[in-house]
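Chain by chain, the residues run as shown.
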Amino acid sequence: MFTRLRTIALAGLVFLSPLAAGAASAKKLNVVASFSIIGDFARHVGGDRIDLRSLVGANGDPHVYEPRPGDVRTIAAADIVLVNGLQFEGFLRRLIEASRTKAPVVELTKGIQLLRSREQAHSQGQPGHHHHHGDYDPHAWQAVPNARVYVKNIAKAFCSVDPSSCKTYETNAKVFDASLTALDAEIRATIASIPPHKRVVMTAHEAFGYFAHEYGLTFLAPEGLSTDTEASASGIASLIRQIKQDNVSAVFVENITDPRLVQRIATETGAKMAGELYSDALSGPDGPAATYVDMMKHNASTIRKAIVPDVP
Ligand SMILES: [Zn+2]
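Structural notes, computed from the coordinates. What you see is a predicted model, and the numbers here were worked out from it, not measured in a lab.

Focus on the environment of Phe88
- Tracing the chain through its elements places Phe88 in the loop between β3 (80-83) and α4 (92-99).
- As a C-alpha pair, Phe88 and Tyr136 span 48 residues in sequence and 9.8 Å in three-dimensional space.
- Other than its neighbours up to four places away in sequence, Phe88 contacts Phe35, Pro62, His63, Pro138, His139, Trp141 and Asp280.

Observations concerning the pattern of salt bridges
- In the structure shown here, the tally under the stated rule is eleven salt bridges.
- Note that Arg188 is salt-bridged to Glu214, the shortest N-O span being 2.8 Å. Placement of the pair is Arg188 in helix α7 (residues 166-192) and Glu214 in helix α8 (residues 209-215), with a sequence separation of 26 residues.
- With relative accessibility at 34%, the residue Arg188 sits in the partly exposed group.
- Classification of Glu214 by relative accessible area gives partly exposed; the value is 27%.
- Across the pair Arg260 and Asp258 runs a salt bridge whose closest N-O atoms are separated by 2.5 Å.

Some points on the packing of helix α2 (residues 36-46) against α7
- The contact between α2 and α7 brings their axes to 7 Å, and the two run at 120°. Taken together, the axis directions place α2 and α7 in an arrangement best described as oblique. Residues Phe41, His44, Val45 and Gly46 of α2 pack against Tyr169, Asn172, Ala173 and Phe176 of α7.
- The class makeup of the residues in the contact of α2 with α7 is five nonpolar, three polar and no charged.

Focus on unusual backbone geometry
- With phi around 65°, Gln87 is a residue other than glycine that occupies positive phi space.
- The residue Gln87 is located in the loop between β3 and α4 in this model.
- Among the residues examined, Gln87 registers a relative accessible area of 47% and is labelled partly exposed.

Some thoughts on helix α11 (residues 292-307)
- In a regular helix each residue adds 1.5 Å, so 16 residues correspond to 22 Å; α11 covers 23 Å between its end C-alpha atoms and thus fits that length.
- With twelve of 16 residues buried, α11 lies mostly within the body of the structure.

Let's talk about the pairing of β3
- Going residue by residue along β3, you find Ile80 and Leu82 tucked away on one face and Val81 and Val83 tucked away on the opposite face as well.
- In the sheet, strand β1 (residues 29-35) pairs with β3 via three bridges, with the strands oriented parallel. Paired with Val31 across the two strands is Ile80, which belongs to β3.
- One ladder, built from three bridges, connects β3 with strand β4 (residues 105-107); its direction is parallel. Pairing of Leu82 across the sheet is with Val106, part of β4.

Some details on the nonpolar core
- Leu82, Phe158, Phe211, Tyr292 and Ile303 are the most contacted members of the largest nonpolar core, which totals 78 residues.
- Looking at this core, the element that brings in the most residues is helix α6 (residues 144-161), giving ten residues.
- Of the domains in this structure, domain 1 (3-120 + 138-181) and domain 2 (187-307) are the two that each give at least three residues to this core.
- Among residues more than four places away in sequence, those in contact with Ile303 are Ile194, Val201, Phe211, Leu217, Phe219, Phe252 and Leu277.

Side note on the environment of Asp71
- As for its placement among the helices and strands, Asp71 is situated in helix α3 (residues 69-76).
- Sequence separation of Asp71 and Val56 is 15 residues, and the distance between their C-alpha atoms is 9.8 Å.
- Once residues within four sequence positions are removed from consideration, Asp71 is found in contact with Leu55, Tyr65 and Leu95.
- At a separation of 2.6 Å, a polar atom in the side chain of Asp71 contacts the side chain of Tyr65.

What about the coordination of the zinc ion?
- In the first shell of the zinc ion, the protein supplies His63 (NE2), His139 (NE2), His205 (NE2) and Asp280 (OD), at 1.9 to 2.1 Å from the metal.
- Each of the four donor atoms around the zinc ion contributes to a set of angles spanning 95 to 117°, which defines the coordination as tetrahedral.
- We note that the donor set of the zinc ion lies within a single chain, spaced as H-x75-H-x65-H-x74-D. Placement of the pair is His139 in the loop between α5 (118-122) and α6 and Asp280 in the loop between β8 (273-277) and α11, with a sequence separation of 141 residues. The residues His139 and Asp280 share a single accessibility class, namely buried.

Let's talk about α7
- Between its terminal C-alpha atoms α7 stretches 39 Å, which fits the 39 Å expected from 27 residues at 1.5 Å a residue.
- Along α7, the positions that sit buried rather than exposed are Cys166, Tyr169, Ala173, Phe176, Asp177, Leu180, Leu183, Asp184, Ile187, Thr190 and Ile191.
- Turning to α7, the residues buried within the fold contact β1, α2, β2 (50-56), α6, α8 and α11.

What to know about the environment of Val175
- Relative to the helices and strands, Val175 is located in helix α7.
- In this structure, the C-alpha to C-alpha distance between Val175 and Val45, residues 130 residues apart in sequence, is 8.9 Å.

What counts, and at which threshold
- Residues numbered from 1 in each chain as written.
- Predicted model: local features only at pLDDT ≥ 70, side-chain atom pairs only at ≥ 80, totals over all residues.
- Heavy atoms only, no water.
- Helix = DSSP H or I, 4+ residues; strand = E, 2+ residues; numbered from the N terminus.
- Contact = heavy atoms within 4.5 Å.
- Salt bridge = Lys/Arg side-chain N within 4 Å of Asp/Glu carboxyl O.
- Buried < 20%, exposed > 50% of the residue type's maximum accessible area, 1.4 Å probe, protein only.
- Axes fitted to C-alpha atoms, helices over the stretch in contact; angles between N-to-C directions.
- Parallel < 35°, antiparallel > 145°, perpendicular 65-115°, else oblique.
- Nonpolar A, V, L, I, M, F, W, Y, C, P; charged D, E, K, R; others polar.
- Expected span 1.5 Å × (residues − 1).
- Pairing = 2+ DSSP bridges.
- Core = buried A, V, L, I, M, F, W, Y, C linked by side-chain atoms within 4.5 Å.
- Domains from an automatic or database assignment.
- Polar contact = N/O pair within 3.5 Å; in protein donor to acceptor, adjacent residues only side chain to side chain.
- Donors = N, O, S within 2.8 Å, 3.2 Å for Na, K, Ca; no water.
- Tetrahedral: all angles 85-135°; square planar, octahedral: opposite > 155°, others 65-115°.

That's the geometry; what it means functionally is another story.
Okay, here's the thing in C-alpha cells:
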C-alpha cells in the first residue's frame, strides 16, 4: 500500500546514495525483513552484499508481534524494507511511520495469484460488513510457486536500490530458484503418496490455504487467517462436530501458536496428535525448519508420516 509513494521518493534518492556511486568498497545494503521467512529469501538473494535484520524472529508470530523500541531504529537505518503485505504484519504501519524511513517498503506478494479469504467469500452480498483482515489470505509463501515470485521481487527490489550489484542479485536469485523448483517437485511427490481421501488434517489457524490449494489437501482450523482473535465457542463446537463426522487423519500444532486449543480439540474428538507444522515463522538454527526449504520439506513429510507411516 505504501510501495508506490516510496518508489517515487526513491527516484530522487538514488543519486544521493553512496551505493549508486559505484564504490566497490561501499557499505553493504542494509536490508530489513519483516519476519523470518522473508529474511531467509533475502539472505539467499543478497548473499554477502547485504546486512540483514528480521524483525519477527524464529518461532515468532507476525500477526500479533509487539515491536520493540530498537525496531524503530532498525527501520530508520534501512536501505530497503521487505514485507509480505496483505495486512499480514499488523504491527508494520505504525512502525514505518514512527521510524520516518525514506527507504522503499516493498510488498513481496505483488504479482501472486491470491486466494480470497473464506470470511470474504462468506460475506459477499452483505453490505456494511467490514473486514478486519483484508480480502485475501496473506500466507502466500506456503505454496512454493509463490515463493519463487517473492524471490524474483526481492532481486528486482535490490537491483533498484543497489544497481552496482544487480548482476550478483540476479545470479543468486536464479540459483535459489532452481532449488525451489526441485523443492516443489519433492513436495508434490510426497503428497502424492497419500491417498486423496485421507488428505484432511487440522492445524491451529488458517495458515495453509495456499499449501492446500497447490498440493491438494484440506486443512481445518479453529482460528481464522489471523491469530489475533480467539476462536469462538460456537466455531470450536462446529469444528468438533465436523471432525467427528469427517475422517480427519491427523491434528498438528503450529510453532507460532499456543498448542492447548488444538490439544483440547484432539482429546475431545479422539483425533491423532501428529506433531508440529511451521506456519508463519522458521525454527531456530538447530530446529527442523531453519530455512524455508527445510520448513516446507518438514511440513510435507510430517503430514505424510502422520497419515501413511508405512510409506518409506
Ligand atoms: Zn498466520
